[in-house]
Amino acid sequence: MSHIHLRVHRWVVWWFYIGLIGGVVALVNILGRHLTRSEEETLIILGVVHWFLGGFICWALEGIQVQAPPEAAEYDSSARTAPEMEWHPASDFLLPGRGKRLLPPKY
């Protein structure tokens, strides 16, 4: 099974949402109000220009990139276990000399 990875920039998503909201507003105005023919055409032309410019800018600035998935590494059961904890001996927490502690004593 082949998978693809899409890398989408945040501004592309915003452009898409603004286009959807603008399209819904334009559709409600066209269907719900009695607009003149030139007003309807203006709304439609503005929508088409928005989507055309969005597509062109996304292409020019590589706003959406299709990437191949990373190569699957050999399965290693130890890699799936809990992450390794950093370990220090107790002597790391003692100041040299008189044995004073760096950490406060337990009460």
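All chains use their own residue numbering, which begins from 1 and follows the written sequence. Local features in this predicted model are restricted to residues whose pLDDT is 70 or higher, and side-chain atom pairs enter the listing and the counts only when it is 80 or higher, whereas totals over whole chains, interfaces and linings include all residues. Each side-chain value is derived from all of the structure's non-hydrogen atoms; neither hydrogens nor water enter the calculation.

Engineer: Please explain the packing of helix H1 (residues 10-32) against helix H2 (residues 37-60) as it appears in this structure.
Structural biologist: A pair of packed helices can be characterised by two numbers: the angle between their axes and the separation between those axes. Note on definitions: angles span 0 to 180 degrees between N-to-C directions of axes, and those axes are lines fitted to C-alpha atoms, for helices only across the stretch in contact. The way it works is that DSSP assigns letters per residue, a run of H or I at least four long becomes a helix, a run of E at least two long becomes a strand, and they are numbered from the N terminus. Where H1 meets H2, the closest approach of the two axes is 10 Å, and the angle between their N-to-C directions is 170 degrees. Put simply, H1 runs roughly antiparallel to H2. Residue-level contacts link Trp11, Val12, Trp15, Phe16, Ile18, Gly19, Leu20, Ala26, Asn29 and Ile30 of H1 to Glu40, Leu43, Ile44, His50, Trp51, Leu53, Gly54, Ile57 and Cys58 of H2. Each residue gets one of three labels, nonpolar for Ala, Val, Leu, Ile, Met, Phe, Trp, Tyr, Cys and Pro, charged for Asp, Glu, Lys and Arg, and polar for the others, Gly among them. Tallied by class, residues from the contact of H1 with H2 come to 14 nonpolar, 4 polar and 1 charged. For classification, angles of less than 35 degrees are called roughly parallel, those exceeding 145 degrees roughly antiparallel, those between 65 and 115 degrees roughly perpendicular, and all remaining angles oblique. By definition in these notes, contact holds between two residues if any of their heavy atoms fall within 4.5 Å.

Engineer: Would you take a moment to explain the pattern of salt bridges for this structure?
Structural biologist: A side chain with one charge may pair with a side chain of the opposite charge, provided their charged atoms come close. Salt bridges, as used here, are contacts in which a Lys or Arg side-chain nitrogen is within 4 Å of a carboxyl oxygen on Asp or Glu. Applying the stated criterion across every chain, the model contains 1 salt bridge. Put simply, Arg37 and Glu41 hold a salt bridge, and the shortest N to O gap is 3.5 Å. Remark: Glu41 and Arg37 occur in helix H2; sequence separation between them is 4 residues, near one turn of the helix. Burial classes: relative accessible area under 20% of the type maximum marks a residue as buried, over 50% as exposed, and values in between as partly exposed (1.4 Å probe, protein chains only). Given a relative accessible area of 40%, Glu41 falls into the partly exposed group.

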